[in-house]
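# Descriptive structure summary
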Amino acid sequence: MFVPLIISAVCMALAEASAPSWRDRPALGGALHTSLTPAAPPRTLHLLRGGGSADFTVAPAKSNKKAATDSLTTYLACSAIVVVWICIATLVFSYNEGWPLAQSLFYAVDTGMSIGFGAVAEERLSTKAFTIVHVLLGASAVGGAIALFAESVVESSPSLASDEYTRAALSAAFARADKDNSGSLSVTELSSVLVGLGLSQPAHEVVKTIQCFDTNGDGSITIDEFRAAVEPHLTGGVTVEEGVRLAVRRRTEPVWVRALRGSWVALHEHRAIVLWAIWILGGAAWWLSVEGGDIVTALYFAVGGLATGGLQAPSLTKQGTLADSSAVFVALYCLSGIPIFAMALGKFAHLFVAKLLAARERRMLEKPISADEFAFAEQIFKADGKVDLSEYMALELLRVGKVDVSMLKIIKSRFNRLDADNDGKLSKAEVLNKGHL
């Protein structure tokens, strides 16, 4: 049942490249001040604008707190719907077939999630008719979940643009600190940076800090060493300045503290896979303690249940029914474990799709612009034998699949409507004059 999850995600990744998210990228402006200055309020810009030396940060379209609240509300609503759906089916199976509630719960999950253990079956036609509707509702829910899952995997996959943006931010920060343009940071330069960040240290402490960053032992910090030390901390909207602070603090921590922190970060990053492994082992342990047998059969039951394969059903009692404890455990185990299994698959798909998208974008960007592509750009924009910066950016966005021709034509048409004096540029008055739209 969940094999289509991976297939759908990969197919969507091949069909379209996801739009880059600005929320998890560091700000370029004002990287590594050499003097401690009050931070200006962030300007709500959604575009990287060239020129000028003013500091700015790219404001997210929606706050992380708001997004988390929306996600929690969605999950709670979906959970409530699932609970009601399973409870109704449990009552119907129990009433029509005269089954114990525990066995009815098991069968409601078994059929609703399309697992197919085959341990019990209904006998009355009315119950079979209800089961048809129950299975169709479950299949529809799973199909919708697959579509949403595949879309979220593609949209959340970091693109090449995200990586290049981070590298640009770090390069700009390093260039500001490298006053003598030597290509490396000396003790004096790093000391000046630390003072500007409020991390003033004595000379001997600065030397120790450099040693923490200096992996080749030449007494200075190269751009590659700087990136390796700071880049892991540039997540969740952290600026380069804060990333440097974190890198300095954590690089000077005891080894055991860094090991614990690294382990925790790894567990948190891969928590879906860790939770999936725990669920698999938990199901196998239950089977061994209740049903007995060997470890292979126990894993056969656990993996088959979570993958909706229904490979191994629990044993029936002498009366031909499921034991209440077994029925309740398997029902709750599968009902909670199948989403966990899907999240683990999502993690695997996310890693695969991320590499796929980045490789695709890099190939397109490194591929030289052909004469046909140049002529095509002139057809869309201005046929003057040249491609300016805006035209070049639009062409590259087309090449990597971020926009399509129809969207560019819509944007161009909108620009022309706003350009009242037809000078090829928009003044503030023209931009704010919505009468031309």
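Scroll up to find the structure this text is about.
Now for a quick tour of the structure. (Residues numbered from 1 in each chain as written. Predicted model: local features only at pLDDT ≥ 70, side-chain atom pairs only at ≥ 80, totals over all residues. Heavy atoms only, no water.)

What follows deals with the pattern of salt bridges. Summed over all chains, the structure comprises three salt bridges. Aspartate 224 is the partner of arginine 227 in a salt bridge, and the nearest nitrogen-oxygen pair spans 3.8 Å. Note that arginine 227 and aspartate 224 are positioned in helix H8 (residues 223-230) at a spacing of three residues, about one turn of the helix. Across the pair arginine 399 and glutamate 373 runs a salt bridge whose closest N-O atoms are separated by 2.8 Å. With a gap of 26 residues between them, arginine 399 in helix H15 (residues 389-399) and glutamate 373 in helix H14 (residues 371-380) connect regions that are remote in the sequence. Each member of the pair arginine 399 and glutamate 373 is classed as buried. (Salt bridge = Lys/Arg side-chain N within 4 Å of Asp/Glu carboxyl O. Helix = DSSP H or I, 4+ residues; strand = E, 2+ residues; numbered from the N terminus. Buried < 20%, exposed > 50% of the residue type's maximum accessible area, 1.4 Å probe, protein only.)

A positive phi angle, close to 55 degrees, is found at asparagine 181, a residue other than glycine. As for its placement among the helices and strands, asparagine 181 is situated in the loop between helix H5 (160-177) and strand S1 (184-185). Positive phi, close to 55 degrees, is recorded for threonine 308, a residue that is not glycine. Looking at the element boundaries, threonine 308 is found in the loop between helix H12 (295-306) and helix H13 (324-366).

In the contact formed by H12 and H13, the axes pass within 8 Å of each other and the chain directions differ by 65 degrees. Contacts from Phe301, Ala302, Gly305 and Leu306 of H12 reach H13 at Val330, Tyr333, Cys334, Gly337, Ile338 and Phe341. (Axes fitted to C-alpha atoms, helices over the stretch in contact; angles between N-to-C directions. Contact = heavy atoms within 4.5 Å.)

Such coordinate-based values are descriptive only and should not be taken to indicate function.
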